[in-house]
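Structural features, examined
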Amino acid sequence: MKPNLARLFATAVALAMTVFAGAAIGQGRQDGQVAPACLTPAGWSSLDGEHPRATDAMALLAEMAKRDAVLLGEQHDEDDDHRWQLQALAALHALRPDMVIGFEMFPRRVQPALDRWVAGELTLKEFLEQSDWGKVWKMPVELYLPLFQFARINRIRMAALNVDGQLNQAIAEKGWDAIAPAQREGVGRPAAPSEAYRDFLFDVYREHPVRNRKEGTEATRSDAAFRYFVESQTTWDRAMAEAMARYLGPGPAAGKPLVVGIMGSGHIRFGHGVPHQLRDLGVTRVGTLLPVPADFDCKQLRAGLADAVFALPKQAAPQREPPRLGVSLDEDGGGVRIVEVTAGSLADRSGLKDGDRLVEVAGLPVKQTGAVSAAVRGQPPGTWLPLRVKRGADTLDFVVKFPATP
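Residues numbered from 1 in each chain as written. Predicted model: local features only at pLDDT ≥ 70, side-chain atom pairs only at ≥ 80, totals over all residues. Heavy atoms only, no water.

Okay, the overall build of the protein next. Assigned secondary structure in the protein consists of 13 helices and 14 strands. Across the 406 residues that make up the protein, the buried fraction comes to 51%. Considering only contacts within the protein whose residues lie at least 6 apart along the sequence, 69% involve residues at least 24 apart. Summed over all atoms, the accessible surface of the protein reaches about 18,500 Å², with 52% contributed by carbon and sulfur. (Helix = DSSP H or I, 4+ residues; strand = E, 2+ residues; numbered from the N terminus. Buried < 20%, exposed > 50% of the residue type's maximum accessible area, 1.4 Å probe, protein only. Contact = heavy atoms within 4.5 Å. Areas by Shrake-Rupley, 256 points an atom, 1.4 Å probe, with all protein chains shown as cover.)

Now for the pairing of strand β10 (residues 335-341). Sheet analysis places strand β9 (residues 327-332) next to β10, joined by 6 bridges and oriented antiparallel. In the sheet register, Val327 faces β10, and the bridge partner there is Val341. Taken together, β9 and the strand that follows it, β10, pair antiparallel across an intervening segment of 2 residues, in which Gly333 is found at a positive phi of about 65°. Of the pairings in the sheet, the one linking β10 to strand β11 (residues 357-361) comprises 2 bridges and is antiparallel in character. (Pairing = 2+ DSSP bridges.)

Packing of helix α8 (residues 165-174) against helix α10 (residues 224-245) brings their axes to within 6 Å, and their N-to-C directions diverge by 155°. Looking at the two axes, α8 sits roughly antiparallel to α10. In the crossing of α8 with α10, the sense of the turn from one axis to the other is right-handed. Across the interface between the two elements, Asn168, Ile171, Ala172, Glu173 and Lys174 of α8 pack against Tyr228, Glu231, Ser232, Thr235 and Trp236 of α10. Looking at the contact of α8 with α10, its residues break down into 4 nonpolar, 3 polar and 3 charged. (Axes fitted to C-alpha atoms, helices over the stretch in contact; angles between N-to-C directions. Parallel < 35°, antiparallel > 145°, perpendicular 65-115°, else oblique. Left-handed = near helix turned anticlockwise from the far one by under 90°. Nonpolar A, V, L, I, M, F, W, Y, C, P; charged D, E, K, R; others polar.)

With that out of the way, let us pick up the state of the cysteines. As used here, a disulfide is simply a covalent bond connecting the sulfur atoms of two cysteines. In this structure the tally under the stated criterion is 1 disulfide. At a sulfur-sulfur separation of 1.9 Å, the disulfide partner of Cys38 is Cys298. Across the disulfide from Cys38 to Cys298, rotation about the S-S bond amounts to roughly -100°, and the bridge is consequently left-handed. On the criterion of sequence distance, the pair formed by Cys38 in the loop between α1 (5-21) and β1 (44-46) and Cys298 in the loop between β7 (286-293) and β8 (308-312) is long-range, its members being 260 residues apart. (Disulfide = S-S within 2.5 Å.)

With that out of the way, let us pick up the pattern of salt bridges. Counted by the stated rule, this structure contains 21 salt bridges. Its salt-bridge partner being Glu63, residue Arg67 comes within 3.2 Å of it at the nearest N-O pair. Between Asp280 and Arg238 there is a salt bridge, with its nearest N and O atoms 2.7 Å apart. Within this pair, whereas Asp280 is found in helix α11 (residues 274-280), its partner Arg238 is found in helix α10, the two being separated by 42 residues in sequence. When its relative accessible area of 46% is taken as the criterion, Asp280 is described as partly exposed. Connected through shared salt-bridge partners, Glu63, Arg67 and Asp307 make up one network. (Salt bridge = Lys/Arg side-chain N within 4 Å of Asp/Glu carboxyl O.)

Without other data, these values stay purely geometric and don't point to any function.
Pasting the structure below:
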């Protein structure tokens, strides 16, 4: 049975979100070469000049604590990014105890569950159920739990910054103007993005199947689907900015809480996403901090990426077994045919059948088994891989959901 269009768009947006979280700022090199490093492991560097400049942690954080809002980036599936966020939160809270912590992970409709959690009225199980964690966020809760517990034991208000994924999905499918005002969850029209942000979003759009265009055509900036994709992403940014701005009024920082946003680095980098929307709302004293690997390619650490970055030291990790689809493949007539699907495998659970001919993997045409294997083995845990197959005269779309843990 064919998945409906809404499901396909949800998949596409989820794939884009993976890149949006942080990979787009260059989380490492894929060509096997050693990148030129300029960061001190476990140290902060300011990005206010031509080159990164090592800076004192307490002086930097004391300056951040004077801002109206501070945004802490992350790559969603990186453990150390969240440990760093907790460390930064603790330091900022010690300097400015009047604080609100906003989370990209929660749509605003679950705000009552966040309030009850902080008040100590819910068990963890109840909190996860009432906040719809398993539906609204596709990452293991263990990554975020220390942040949630930090807010609870310190009675710091948690704010749901996001909107339901269905809204972003609908905008990506039909555009902002096609959505009735009553269905926009109170979000105002986003400020127009900069050309640099549009360039970044086009790279995401081009690499992922977030598009409504005829098969085989190239992505262009004039695509209506690209315009809708930009509108969807800027709505995402605007929703978070508006939710944060509600806690901030005019006047000096001392008279209002410090609002800290926990969100994917793609929403922060170069001030294009949430910072841009905050400025449009009149919130101009915004701090931006990002975690990066200590061996980060310093050619990418350009002025304006963030106010400062923290260099995460390398950590030894067990080698993960590469993911397996669970199929036998054969090249047949210029294409790739599934000879056999292993019972109980990811392919079997996703609905693939013996004899299916693979047409596209992750939106790209495939004609060789090696390309399929490379795409599967390169798939990060917890992500989704869209496949298009020919089954007889029908063209069918499937989504392979890789487990979050190997």
